[in-house]
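# Structural features, examined
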Amino acid sequence: MAAPDTLAEYRRRRDFGRTREPRGGDGAGPAGEPVFVVQIHDASTLHFDFRLEVDGVLKSWSVPKGPSGDPHDKRLAMPTEDHPLEYRDFEGTIARGTYGAGTVIIWDEGSYHNLSTDERGHEIPFAEALRAGHASFRLAGRKLRGDWALTRFRDGSGGDREAWLLVRRGHRAHGGTPDPRRARSARSGRTLGQVAGEGEPA
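Rules used throughout
Residues numbered from 1 in each chain as written. Predicted model: local features only at pLDDT ≥ 70, side-chain atom pairs only at ≥ 80, totals over all residues. Heavy atoms only, no water. Helix = DSSP H or I, 4+ residues; strand = E, 2+ residues; numbered from the N terminus. Rg over C-alpha atoms; globule rule 2.2 N^0.38 Å. Buried < 20%, exposed > 50% of the residue type's maximum accessible area, 1.4 Å probe, protein only. Areas by Shrake-Rupley, 256 points an atom, 1.4 Å probe, with all protein chains shown as cover. Lys, Arg positive; Asp, Glu negative; His and termini not counted. Charge placed at Lys NZ, Arg CZ, Asp CG, Glu CD. Core = buried A, V, L, I, M, F, W, Y, C linked by side-chain atoms within 4.5 Å. Contact = heavy atoms within 4.5 Å.

## Observations concerning the overall build of the protein chain
The secondary structure content of the protein chain amounts to 3 helices and 9 strands. Counting from the amino terminus, helix and strand elements in the protein chain follow one another as α-β-β-β-β-β-β-α-β-β-β-α. Computed over the C-alpha atoms, the radius of gyration of the protein chain is 17 Å, within 12% of the 17 Å expected from 2.2 N^0.38 for a compact globule of 202 residues. Seen along its three principal axes, the alpha-carbon backbone of the protein chain occupies a region of about 55 × 40 × 40 Å. Across the 202 residues in the protein chain, those meeting the buried criterion constitute 46%. Of the roughly 10,500 Å² that the protein chain leaves accessible, carbon and sulfur atoms contribute 47%. Computing the positive centroid from 31 side-chain charges and the negative centroid from 30, the protein chain places the two 5 Å apart.

Following this line, the structure appears as structure tokens:
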């Protein structure tokens with residue numbers, strides 16, 4: 001169950017009379033492994049949104065270049081506000097003049113398994129690992145599979161924005177980061193252009 005104010009920033013930024021983005025419920029998620037979703041968002045800048053279910057919400061990072069299957073690539077991941085779990089189902093166009101205006105597709109989705117451990121090799125809760133600044137996990141998605149890590153390299157205390165790195169662990173994965181404008185939704189098979197062309201604001 002999410003704390004009552006966990007989604008306060010998410011809700012403050014949105015006018016739910018103008019957007020079909022979910023307001024968010026009580027934070028109750030599906031049974032089993034926690035979920036993840038990667039959405040491509042063609043907003044003021046084109047980027048990937050990487051979201052992991054943690055404590056009843058989707059912890060979220062904006063990844064400008066998208067996740068890479070090459071362990072040598074260190075992809076910048078900028079944290080954004082927590083999103084409701086229902087956002088994992090969101091695909092559509094956010095109306096002009098509203099926060100995040102632009103088109104969203106669900107590029108990948110699935111579940112993940114916590115691989116975070118302490119110095120003795122004992123598993124630590126995922127939320128605790130994130131608070132400490134380093135979390136490891138195994139993705140089981142339609143496109144992304146295998147081990148990854150998120151590492152905070154700037155905590156935001158010096159006036160700069162908090163920043164993380166998203167890195168593939170272990171062997172190189174098959175395939176690279178897709179061209180976001182040609183990538184297809186894991187749900188509908190549509191591209192950003194096809195969703196935007198429907199002309200129905202979300």
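## Concerning the nonpolar core
If you look at the biggest cluster of nonpolar residues, it comprises 29 residues, and the most contacted ones within it are F50, L52, F137, L139 and L150. Apart from residues no more than four positions distant in its own chain, L139 is found in contact with F36, F50, L52, S111, Y112, L144, R145, G146 and W148. Judged by nonpolar contacts, the second largest core, of 10 residues, contains Y10, V35, V37 and F90.

Just geometry here; none of it tells us what the structure is for.
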